[in-house]
Each structure stands twice: as structure tokens, then as C-alpha cells.
Amino acid sequence: MSRLNIVPFVSVDNMMKLVLHLGVERVLTDLAACIEADFRRWEAFDKTPRIASHSPVGVIELMPTSDGALYGFKYVNGHPKNLKEGLQTVTAFGVLAEVATGYPVLLSEMTILTALRTAAMSALAARWLAPPGARTMALIGNGAQAEFQALAFRAICGIGAVRLYDIDPAATAKCVRNLAGCGLELTSCTSPEEAILGAQVITTCTADKQYATILTDNMVGAGVHINAVGGDCPGKTELHRDILLRSAIFTEYTPQTRIEGEIQQLPPDHPVTELWRVMTGAAPGRQDARAITLFDSVGFAIEDFSALRYVHDRIRGTRFFEELDMIADPDEPRDLYGMLLRAQAAA
Ligand code: NAD
């Protein structure tokens, strides 16, 4: 049996152990660095909008990309109604494979990893776009992603205060409990209007399968950065259209964001800037102190590729994975059926 047929598998349990071993804020910072490195070589990647299978209650998506040496994909769902049934809104797993052989080199849980990479991506975008010296963030939607967002903004952008709001006060209380002692100044708010008071960064991270209006135009003043995370599917947005018309809008991969992001509310030729162009100096980011910058986050395959690449590197030499006998490996490659017969004889 060659080693190529044994695939490292990172379970939820091992992902938690790996993240706790390294430290959450270190993982968030490392992921942001990996994503930025990959965004800076944007043109090396195969890119396609993710492949979505919609149903009345949610969406299941595949997110593939390759840099020519490695290929990765993530399977992810989005089911806002799951919460009421005691299930996660978003779950995911992913695969990294070697392009040279096509053999997988990693299978990993990605529910936790998605929350980490989404938060790292949000904070990375804000590091490029938010007003310098931003210290306070409003965090609207206090579900599964929320603490990761708060910690990423602390670790990567120097945010010191987070003002929390959720239509369900129990979600806010959960966040305050989980973030206690992490060094952030936390304020529970009873309305989105209260949450955004004095905030230079506004993160919206709600889940609802509709054109929601978490922020209306009159709520957003000059000079803020909006990190819009929850609008990530056709028919699922968070911001009033008028906010978009006043904002400098930044995207991951625009052909996907036009389908899924806040900008699905705008004409298809409305100008936006892809973040990789800001990172490489090909396009400007924030142009002046009064500008409203908007990161129209939907989550793109390269971010998952970066995250899988990171996990693949970090598990080497550790005990944070299991070995899966995942690829059939007959002694003679063409004798696949013979392998079955030998197994029968040995049984
Ligand atoms: P979740 O269901 O765990 O949490 C969502 C929270 O939003 C809940 O606590 C809910 O009470 C709250 N909420 C719903 N409507 C609200 C409103 N009008 N005002 C305030 N709060 C409201 O979901 P999650 O896993 O935290 O994900 C949040 C959103 O982020 C989802 O829409 C998900 O699809 C999206 N997401 C985006 C990315 C990305 O890369 N952009 C990645 C992961 C998740």
C-alpha cells in the first residue's frame, strides 16, 4: 500500500484541538496572512462563481479553485431555518488535492474553519479599507459567526470595543458570555441604531432568507466601513439599496458577488473594486475620511483554498488528524477488480 492512498482527515474534534493548541487569535492572523498571500497571486487561480443548488429552505454549494499545483473545494450549506430546529445554519467540509496526480491530500471539517476564514477575511478587508484608528465595531447578528468576527477584528484591526445587537437577546447574551475576559469592551444593545452609535466599523452578520434591511440609509454616517457578511445568496441581502449607492464597494470575485452579494440589488455594470486589486496596489482602497467603504462579503473559493492549505501545513508532525484509507490502491493499477476478489478470498 503506498502512502498516497492514505488521506489525512481533520475531524471537528481535531480542528478544535488544533485551533486551541495554536490559539484562536493566532489562527485568525495566520489565515488572514494566507488569504492575502493568495489574493496577491489572484491571476494564478482558476476562478468560477460557486455552484449553487437552491431549495425553498436553503442552499447547498460547491466552491472549487486551483492554483495549478493544488486543487481545493468546499461543500457548504446555508439554511437560516435550521436554527429553529437546533441545527447549524452553515456547515461545511472540504478537500485539498494534488494537481499532479489528482490524489486528495487533505479532507477536513470546515464548519469551524469557515467561521475562522470568514472572520479573517472580514478583518483583512477592513485592515485595507476601514478608517485609520477605528476602535469601535457594531456587530449586528450574534450567531455562530459572531465571536470569530469580534476576535478577528481585535487581533487584525485593533478593534477594542464591540457593540452587539441581535433580534434574539439570548444570542447577544451568548456572545457576551463567550467573549468575556478576551480584552474587548462589550456593550449589549437593544436596537441596531443603538449598536452603531460611535462605531467606525459596522458588521452585519444576520441570517434570513429574504431581502432584509438590517441597516437603512439614514443609519449610516460618513466615514464608516461596513462589513456585510450575511447577504450571500440570491434573494438574501442585509442593506438598503440606498446605502450601496453612497458606498465605495469592494468585492472578492465580482462575477459571484453580482449573483449573491448586496450588489445583486444594483445594475450589473455598477462599479465595484475587487479586493485583490487593492492589495496589489492596482486600485485604490479608501479614498478619503468621509467615504463609506463597503466590503460586500459572500465568501470565495480562494479563501477556503488558503484555509485548507494552512491546515494542511499546520497538521504536519502533529496528532491532530486521522488517517483515512480513502483511495483504492491495487498492487497493479489496472487490477481494481482483482483487489476485490483478493479481499473476498481473504474474508
Ligand atoms: P446564525 O443563524 O448562527 O446566526 C444568525 C443570527 O442573526 C441569529 O442569532 C439571528 O437571531 C440573527 N438575526 C436574524 N435576523 C436578524 C435581524 N433582522 N437583526 C438582527 N439579528 C438578526 O448564522 P451564522 O452562522 O452566524 O451566519 C450568519 C450569516 O453569515 C448567515 O447569513 C450566513 O449565510 C452568512 N455567512 C457568510 C459568510 C461569508 O463568507 N460571507 C460565511 C459564513 C456565513
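Anything mentioned here points back to the structure above.
Rules used throughout
- Residues numbered from 1 in each chain as written.
- Predicted model: local features only at pLDDT ≥ 70, side-chain atom pairs only at ≥ 80, totals over all residues.
- Heavy atoms only, no water.
- Helix = DSSP H or I, 4+ residues; strand = E, 2+ residues; numbered from the N terminus.
- Rg over C-alpha atoms; globule rule 2.2 N^0.38 Å.
- Buried < 20%, exposed > 50% of the residue type's maximum accessible area, 1.4 Å probe, protein only.
- Contact = heavy atoms within 4.5 Å.
- Areas by Shrake-Rupley, 256 points an atom, 1.4 Å probe, with all protein chains shown as cover.
- Arc of directions from axis to C-beta.
- Polar contact = N/O pair within 3.5 Å; in protein donor to acceptor, adjacent residues only side chain to side chain.
- Disulfide = S-S within 2.5 Å.
- 1 Å grid on protein atoms, 1.4 Å probe; cavity = no way out; pocket = protein on both sides within 12 Å on 5 of 7 lines; lining within 4 Å.
- Points joined across faces, edges and corners; volume = space filled by probe spheres on them.
- Nonpolar A, V, L, I, M, F, W, Y, C, P; charged D, E, K, R; others polar.
- Near = heavy atom within 4 Å.
- Salt bridge = Lys/Arg side-chain N within 4 Å of Asp/Glu carboxyl O.
- Axes fitted to C-alpha atoms, helices over the stretch in contact; angles between N-to-C directions.
- Parallel < 35°, antiparallel > 145°, perpendicular 65-115°, else oblique.

K.L.:
I tried to follow the overall build of the chain on my own but got confused; where do I start?
P.N.:
On a plain count of helices and strands, the chain comes out with eleven helices and 17 strands. For the chain, whose C-alpha radius of gyration is 21 Å, the value lies close to the compact-globule estimate of 20 Å for 347 residues. Taken along its principal axes, the extent of the C-alpha atoms in the chain is 75 × 45 × 40 Å. Taken across its 347 residues, the chain has 53% of its residues classed as buried. Long-range pairs, those at least 24 residues apart, make up 71% of the contacts in the chain between residues at least 6 apart in sequence. Surface summary for the chain: the accessible area is close to 15,100 Å², and the carbon and sulfur share equals 57%.

K.L.:
I keep staring at helix α5 (residues 169–179) and nothing clicks. Help me out?
P.N.:
Counting along an α-helix, one turn takes 3.6 residues, and residues three or four places apart therefore face a common direction. Buried within α5 are the following residues: A171, T172, C175 and L179. Viewed end-on, α5 has its buried residues packed into an arc of 100°, placing them on one side of the element. Relative to its buried face, α5 has exposed residues pointing more than 90 degrees away, namely P169 and R177. On its buried side, α5 packs onto α4 (146–157), β8 (161–165) and β9 (185–188). In this structure D168 caps α5, since a side-chain oxygen of it lies 3.0 Å from the backbone nitrogen of A170.

K.L.:
Help me understand the state of the cysteines, please; the structure alone is not making it clear to me.
P.N.:
Any covalent bond linking the sulfur atoms of two cysteines counts as a disulfide. In the structure shown here, the tally under the stated rule is zero disulfides. We note that C175 lacks a disulfide partner, and the nearest cysteine sulfur, in C205, lies 9.3 Å from it.

K.L.:
Help me understand the layout of surface pockets, please; the structure alone is not making it clear to me.
P.N.:
Picture a little ball the size of a water molecule; that probe, rolled over the atoms, points out where space is still empty. Roughly 420 Å³ of volume is contained in the second largest pocket. Taken together, 19 residues line the second largest pocket, and the ones lying closest to its centre are I112, A115, A144, E147 and F148. Counting only elements with at least two residues in the lining of the second largest pocket, the list comes to α1 (12–22), α3 (111–129), α4 and α5. Of the residues forming the lining of the second largest pocket, the biggest block, four residues, is contributed by α3. Its residues assigned to classes, the lining of the second largest pocket shows 14 nonpolar, four polar and one charged.

K.L.:
What is the right way to read the site of the ligand from this model?
P.N.:
For the ligand, the set of nearby residues contains 26 residues, the closest of which are T89, D166, T206, K236 and S297. In the environment of the ligand, an oxygen atom lies 2.9 Å from a nitrogen or oxygen atom belonging to the side chain of Q145. Contacts to the ligand include V229, whose backbone N or O atom sits 3.2 Å from a nitrogen atom. Notes on the ligand: free accessible area 860 Å², of which the protein chains cover 91%. Among the residues forming the shell around the ligand, the class breakdown is twelve nonpolar, nine polar and five charged.

K.L.:
I keep staring at the pattern of salt bridges and nothing clicks. Help me out?
P.N.:
Proximity of charged atoms lets side chains of opposite charge pair with each other. Using the criterion set out here, one finds 21 salt bridges in the structure. Measuring nitrogen to oxygen at the nearest pair gives 2.8 Å for the salt bridge that ties E36 to R40. Separated by four residues within a single helix, E36 and R40 lie in helix α2 (residues 24–40), roughly one turn from each other. The residue R316 makes a salt bridge to D313 at a minimum N-O spacing of 3.9 Å. On the basis of relative accessible area, D313 is assigned to the partly exposed category, the value being 39%.

K.L.:
It is not clear to me how the packing of α1 against α3 should be interpreted in this structure. Could you clarify?
P.N.:
Between two packed helices, the angle of one axis relative to the other and the distance separating the axes together describe the packing. In the contact formed by α1 and α3, the axes pass within 9 Å of each other and the chain directions differ by 40°. Looking at the two axes, α1 sits oblique to α3. Contacts from V12, M15, M16 and V19 of α1 reach α3 at I112, L113 and L116. Looking at the contact of α1 with α3, its residues break down into seven nonpolar, no polar and no charged.

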